[in-house]
Amino acid sequence: MLFPPRLAPLVFSVLMSVYMVVLMTFVITWVNTGLVEGFLGRWWRAFYIAWPIAFALILVGAPRLQRLAAKLIRQPAR
């Protein structure tokens, strides 16, 4: 184990935000500009602008959304 359990929400938020922002900024930059010269620079700019925002939103929103999802899931009959 690399991190203590108390850091689980932070580790999850970092991993989820990097995963989502890499994929989303890549696809959106590709769709808007194509895979032409300067693509990686445009993608990197989109990434470093979007990542802190996504990280903060996931850090704050994930616990609330997990609780909401748990309420929306029907419990199996016993």
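Shown above is the structure to which this text applies.
Draft legend 1. Highlighting the side chain of threonine 29. In this structure, threonine 29 sits in helix H1 (residues 8–33). Accessibility expressed as a relative area gives 8% for threonine 29, which makes it buried. Among residues more than four places away in sequence, those in contact with threonine 29 are Gly34, Phe39, Arg42, Trp43 and Ala46.

Draft legend 2. Layout of a nonpolar patch on the surface. The grouping of Leu10, Val14, Val18, Leu59 and Val60 at the surface amounts to a nonpolar patch, some 340 Å² of accessible area in total. Those elements giving two or more residues to the nonpolar patch turn out to be H1 and helix H2 (39–72). Examining the composition of the nonpolar patch, we find that three residues originate from one element, H1, more than from any other. Inspection of the secondary structure puts valine 14 in helix H1. Take valine 14: its relative accessible area is 31%, and that puts it in the partly exposed class.

Draft legend 3. Main features of the packing of aromatic side chains. Following the criterion strictly, the structure yields seven aromatic pairs and no others. Between phenylalanine 26 and phenylalanine 39, the aromatic rings sit 5.2 Å apart at their centres with planes inclined by 85°, giving edge-to-face as the arrangement. One end of the pair, phenylalanine 26, is in helix H1; the other, phenylalanine 39, is in helix H2, with 13 residues separating them in the sequence. On the basis of relative accessible area, phenylalanine 26 is assigned to the partly exposed category, the value being 32%. Take phenylalanine 39: its relative accessible area is 7%, and that puts it in the buried class. Plain terms: the ring middles of tryptophan 44 and tyrosine 48 are 6.2 Å apart, the flat faces sit at 55° to each other, and that makes the pair tilted. In this pair, tryptophan 44 and tyrosine 48 are both assigned in helix H2, four residues apart and thus about one turn of the helix distant.

What counts, and at which threshold
- Residues numbered from 1 in each chain as written.
- Predicted model: local features only at pLDDT ≥ 70, side-chain atom pairs only at ≥ 80, totals over all residues.
- Heavy atoms only, no water.
- Helix = DSSP H or I, 4+ residues; strand = E, 2+ residues; numbered from the N terminus.
- Buried < 20%, exposed > 50% of the residue type's maximum accessible area, 1.4 Å probe, protein only.
- Contact = heavy atoms within 4.5 Å.
- Patch = residues over 30% accessible without salt bridge, like charges linked within 9 Å, V, L, I, M, F, W, Y side chains within 5 Å.
- Areas by Shrake-Rupley, 256 points an atom, 1.4 Å probe, with all protein chains shown as cover.
- Salt bridge = Lys/Arg side-chain N within 4 Å of Asp/Glu carboxyl O.
- Phe/Tyr/Trp six-rings, centres within 6.5 Å; stacked < 30°, edge-to-face > 60°.

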